[in-house]
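# Coordinates in review
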Amino acid sequence: MHQLRRNRRLRTNDSIRSLVREHTITPNDFLVPLFVVEGNNVKQEIASMPGYYRYSLDLLKNEVKEVWAMGLKAVLLFVKVPDNLKDNKGTEALNPDGLMQRAIKTVKDVAPEMLVMTDVALDPYSSYGHDGIVEDGYIVNDPTCEVLAQMSLSHAKAGADFVAPSDMMDGRILAIRTLLEEENYKNTGIMSYSAKYASGFYGPFRDALDSAPGFGDKKTYQMDFANRDEAIKETLMDIEEGADIVMVKPGLAYLDIVRDVRDVVDVPVAVYQVSGEYAMLKAAAAKGWLDHDAIMMEQLIAFKRAGAQIIASYFAKDVVKLLG
Ligand code: PBG
């Protein structure tokens, strides 16, 4: 009796491996996160995110042009808000001439077809560094949803294509969708951070925006990382409330969740490879301990294999350069 099935035949050389490869990475897979600051001619490297920068609006233009020229067609905007504009109500978040609103217009000016998504949460605007309004040490749900809806409307008016609520309040998708419909922004989409875990991997991001919580942590709204089934509940509720795209966050440590979600939803699934994941690889590569490009590709393919169609990643430009 001969061995009839030899799986290694399909691994013999690169040509056959390419032919049978199940997943690939292209520029179309990515959302490029961009950090924006006030000022002129500002390009500040984020200490815990080597090779990643905050840009003032004038330099953001060049960055957006470069990103677009590379074939990357979607950005996810975050702003670093000056301390004197922070309060407990999100006042500045609703300013029609605020940094986010100007950033949206700046991107659309230089790359009209660039898909612009905006982060919707109060943390960069909050004197407490929390994603919502704080009363007696508690992040109050329903008043926060009202502000998030107004904030989303303000982003839509400035030209955002999608709003991306990252706050994890209950009912915020419904509140946002309802207001957008009422105000006739019917084509403004919602990418919901549906299964967002309370994670230590967000540390470098909070350095980038100076948005770390001033007291406590985010465990009363972000999910407990010990929970798996709850991710399905969160995600299905967001879809019922009107989310067009759902997201799992962080990425690498949550591939089981990506697959679980993929198996039950009928909308695109995004994954966020967050700041701490970026920092880990950059640090290990700088030490010469890991092969940067090899690990980067392996991780990104893992997201696709797990079932994500969209990847928010600080590696987006690195990848496109590598793909050539
Ligand atoms: C804000 C927000 C966070 C991230 C995206 N939107 C931080 C947080 O929730 O504390 C994290 C992104 C990253 O770490 O790359 N709500």
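What this report covers is the structure whose coordinates are included nearby. Quick caveat, the model's predicted, so the values are computed rather than measured.

## So, the site of the ligand
The ligand sits among 17 residues. The nearest are K196, R206, K249, S275 and Y314. One of the side-chain N or O atoms of Q222 is found 2.9 Å from an oxygen atom in the ligand. Side-chain polar atom of S275 to an oxygen atom of the ligand: 2.7 Å apart, as the coordinates give it. In isolation the ligand has 400 Å² of accessible area, and contact with the protein removes 100% of it. Residues belonging to the shell around the ligand are distributed by class as follows: seven nonpolar, three polar and seven charged.

## Focus: the packing of aromatic side chains
As enumerated under the stated definition, the model contains 14 aromatic pairs in all. Ring geometry for F35 against Y52: centres 6.0 Å apart, planes inclined by 80°, an arrangement best described as edge-to-face. Of this pair, F35 sits in strand β1 (residues 30–37) while Y52 is found in strand β3 (residues 49–56), placing the two residues 17 residues apart along the sequence. For F35, a relative accessible area of 1% gives the class buried.

## A closer look at the side chain of K249
Following the sequence through the fold, K249 ends up in strand β10 (residues 245–249). Once you skip the residues sitting within four places of it in the chain, K249 turns out to touch Y193, A195, K196, Y197, Y202, Y272 and V274.

## A few points about the packing of helix α4 (residues 141–158) against helix α5 (residues 172–182)
Running from N to C, α4 and α5 point in directions that differ by 45°, and their axes come no closer than 8 Å. One finds that α4 runs oblique with respect to α5. In this structure, α4 meets α5 at a crossing whose hand is right-handed. Contacts between α4 and α5 involve C145, L148, A149, Q150, S152, L153 and A156 from the former and R172, A175, I176, L179 and L180 from the latter. By residue class, the composition of the contact of α4 with α5 is nine nonpolar, two polar and one charged.

## Some remarks on the nonpolar core
Residues F35, L60, V75, L76, L77, M191 and Y272 are the most contacted members of the largest nonpolar core, which totals 108 residues. With eight residues, the top contributor of residues to this core is α4. Setting aside residues up to four positions removed in sequence, V75 forms contacts with V32, L34, V67, V107, M114, L115, V116 and M117.

## Describing helix α10 (residues 292–306)
Along its 15 residues, α10 runs 21 Å from first to last C-alpha, staying within 8% of the 21 Å computed at 1.5 Å per residue. Along α10, the positions that sit buried rather than exposed are H292, I295, M296, M297, Q299, L300, A302, F303, K304 and A306. Check the buried side of α10 and you find it contacts β1, α8 (255–264), β11 (269–273), α9 (275–286), β12 (310–313) and α11 (316–323). The N-terminus of α10 is capped by D291, whose side-chain oxygen sits 3.3 Å from the backbone nitrogen of D293. Downstream of α10 by a residue or two, G307 has a phi angle that is positive, lying close to 125°.

What counts, and where the lines are drawn
Residues numbered from 1 in each chain as written. Predicted model: local features only at pLDDT ≥ 70, side-chain atom pairs only at ≥ 80, totals over all residues. Heavy atoms only, no water. Near = heavy atom within 4 Å. Polar contact = N/O pair within 3.5 Å; in protein donor to acceptor, adjacent residues only side chain to side chain. Areas by Shrake-Rupley, 256 points an atom, 1.4 Å probe, with all protein chains shown as cover. Nonpolar A, V, L, I, M, F, W, Y, C, P; charged D, E, K, R; others polar. Phe/Tyr/Trp six-rings, centres within 6.5 Å; stacked < 30°, edge-to-face > 60°. Helix = DSSP H or I, 4+ residues; strand = E, 2+ residues; numbered from the N terminus. Buried < 20%, exposed > 50% of the residue type's maximum accessible area, 1.4 Å probe, protein only. Contact = heavy atoms within 4.5 Å. Axes fitted to C-alpha atoms, helices over the stretch in contact; angles between N-to-C directions. Parallel < 35°, antiparallel > 145°, perpendicular 65-115°, else oblique. Left-handed = near helix turned anticlockwise from the far one by under 90°. Core = buried A, V, L, I, M, F, W, Y, C linked by side-chain atoms within 4.5 Å. Expected span 1.5 Å × (residues − 1).

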